[in-house]
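Residue strings, one per chain:
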Amino acid sequence: MEGGKRGEEAGPSSGGGSSSASASASASGVVGDQRQEKQKEMSEKPSQVCGVVEEGDEEEEEDVKDEGVVDGFVPGPLLSLKEQIEKDKDDDSLRRWKEKLLGCLENDLNGQMEPEVKFHSLAIISDEFGEKTTPLPVDENRSGHALFALREGSRYRFKLTFTVLHNIVSGLTYSNTVWKGGLQVDQNKGMLGTFAPQREPYVHTLDEEITPCGVLARGTYSARLKFEDDDNRCHMELKYSFEIKRAAR
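Remember, it's a predicted structure, so these values are computed and weren't measured experimentally.

Caption draft 1: Layout of the overall build of the chain. A tally of helices and strands in the chain yields three helices and 10 strands. The helix and strand sequence of the chain, counted from the amino end, reads α-α-α-β-β-β-β-β-β-β-β-β-β. Looking at the 249 residues of the chain, the share that counts as buried comes to 27%. Total accessible area on the chain stands at roughly 16800 Å², and carbon and sulfur atoms take up 50% of it.

Caption draft 2: Representation of the pairing of strand S5 (residues 169-180) in the model. Note that S5 and strand S6 (residues 183-195) share 10 bridges and pair antiparallel. What sits directly across from Thr177, in S6, is Gln187. Taking the residues that link successive antiparallel strands as the turn, the S5-S6 hairpin has two residues, and the phi of Gly181 there is positive, at about 60 degrees. In this structure, S5 lies alongside strand S9 (residues 219-228), joined through seven bridges in antiparallel fashion. Bridged to Tyr174 within S9 is Phe227.

Caption draft 3: Highlighting the environment of Pro212. Assignment of secondary structure puts Pro212 in the loop between strand S8 (209-210) and S9. Exposure remark for Pro212: the relative accessible area of 38% places this residue in the partly exposed category. Along the chain, Pro212 and Arg155 lie 57 residues apart, while their C-alpha atoms are 9.9 Å from each other. Pro212 has contacts with Glu152, Gly153, Ala217, Tyr221 and Ile244, leaving out every residue within four places of it along the chain.

Caption draft 4: Up close: the environment of Ala248. Within the secondary structure, Ala248 sits in the segment after strand S10 (234-245). Once the C-alpha coordinates of Ala248 and Glu152 are considered, the two residues, 96 residues apart in sequence, prove to be 9.0 Å apart.

Caption draft 5: Layout of the pattern of salt bridges. Under the criterion given, the structure shown has seven salt bridges. We note a salt bridge from Lys159 to Glu131, for which the minimum N-O separation is 2.9 Å. Of this pair, Lys159 sits in strand S4 (residues 155-165) while Glu131 is found in strand S2 (residues 130-135), placing the two residues 28 residues apart along the sequence. Through salt bridges with shared partners, a single network forms among Glu114, Asp229, Asp231 and Arg233.

Caption draft 6: Local environment of the environment of Glu152. Summarising the element assignment, Glu152 is placed in the loop between strand S3 (146-151) and S4. Exposure remark for Glu152: the relative accessible area of 13% places this residue in the buried category. For the pair Glu152 and Pro212, spaced 60 residues apart in sequence, the C-alpha separation works out to 5.6 Å. Those residues in contact with Glu152 that sit more than four places away from it in its chain are Thr211, Pro212, Cys213, Gly214, Arg218, Ile244, Lys245, Arg246 and Ala247.

Caption draft 7: Just the pairing of S9, in detail. Summarising the sheet, S9 and S10 pair through 10 bridges and their orientation is antiparallel. Across the sheet, Ser222 pairs through a bridge with Ser241, a residue of S10.

Caption draft 8: Representation of the side chain of Ser175 within the structure. Topologically, Ser175 is positioned in strand S5. Residue Ser175 is classed as buried on the basis of its relative accessible area, which comes to 15%. Each residue touching Ser175, except ones within four places of it in the same chain, is listed here: Asn188, Lys189, Arg224, Leu225 and Lys226.

Caption draft 9: Here's a closer look at the nonpolar core. By size, the foremost hydrophobic cluster in this structure holds 33 residues, and its most contacted members are Phe148, Phe162, Phe227, Leu238 and Tyr240. Broken down by secondary-structure element, the contributors of at least two residues to this core are strand S1 (116-126), S3, S4, S5, S6, S9 and S10.

Caption draft 10: Summary view of the confidence of the model for the chain. In the predicted model, the chain carries a mean pLDDT of 74, and the fraction of residues at 70 or more is 56%. Mean pLDDT across the elements of the chain bottoms out in helix H1 (residues 2-65) (46) and peaks in strand S7 (residues 202-205) (96). Every residue in residues 1-27 is under pLDDT 50, and counting partners more than four places away or in other chains gives zero contacts. Here residues 42-69 scores under 50 on pLDDT; set against residues more than four positions off or in separate chains, the count is four contacts.

The rules behind each value
- Each chain has its residues counted from 1, running along the sequence as written.
- Restriction of local features to residues with pLDDT of at least 70 applies here, the model being predicted, together with a cutoff of 80 or more for giving and counting side-chain atom pairs; totals for whole chains, interfaces and linings are based on all residues.
- Excluded from the side-chain calculation are hydrogens and water; included are all heavy atoms of the structure.
- The numbering of helices and of strands both runs from the N terminus, where a helix is a DSSP run of H or I of at least 4 residues and a strand a run of E of at least 2.
- Each residue is assigned to one of three classes by its accessible area relative to the maximum for its type, calculated with a 1.4 Å probe on protein chains only: buried under 20%, partly exposed between the two thresholds, exposed over 50%.
- Areas reported as accessible are Shrake-Rupley estimates using a 1.4 Å probe. Residue values count occlusion only from the protein chains shown.
- Strands pair, by our definition, only if DSSP identifies at least two bridges between them.
- Whether two residues are in contact is decided by their heavy atoms: any pair within 4.5 Å suffices.
- Salt bridges are counted wherever a side-chain nitrogen of Lys or Arg sits within 4 Å of a carboxyl oxygen of Asp or Glu.
- Among buried residues, the Ala, Val, Leu, Ile, Met, Phe, Trp, Tyr and Cys ones that are joined through side-chain atoms within 4.5 Å form a nonpolar core.
- A score between 0 and 100, pLDDT records how confident the predictor is in each residue.

Here it is as structure tokens:
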């Protein structure tokens, strides 16, 4: 009897366990569906966010590319060095500091806005003949004349002497283009830098170059050496020629 009662008591408890298991299974199914929906929503959001960021980046790039000026920034007018110094003429220490920085005196400034680069000489330095200097500018009747003759495989450098006048010249660059038989065979480009006006001339040596070797490399070449600044002002264009000879045995 006691066993029967215990069996009856146990029956309802086991039935309740199966119903609770089915309820928990259905509940977990609902939770799983909700999780899938949330994951789907989260997977869609990043693409939308990325799209907004990319559009923002494009707008920022457009702002920067717009004449190289950020929105709200208005560049000041171009002033001559004389005007810049006269702005602080009452402050002796600041005026002297500017004169020292610029490398010139106030009496040398004439108010001209555009910088001028005046080239005095062009020298070729080589182990074969040392240093050979050509005064500049070259006479028009001698334009394109042979500046030097080197043996094949020789190392050489150009050395420039020039003066900057009136204003600061920014981003002075050079290009040396070489032709043989009407075909371009070489071109070198480089940056000289930014230079302020000063009484003493600047001396600048270009990168070392090596003449080509071989039978086909020998002969006469024509070349053009050109100097420009950031504002595309051409300060000198020199046409010359040179010869490459057979190497000594």
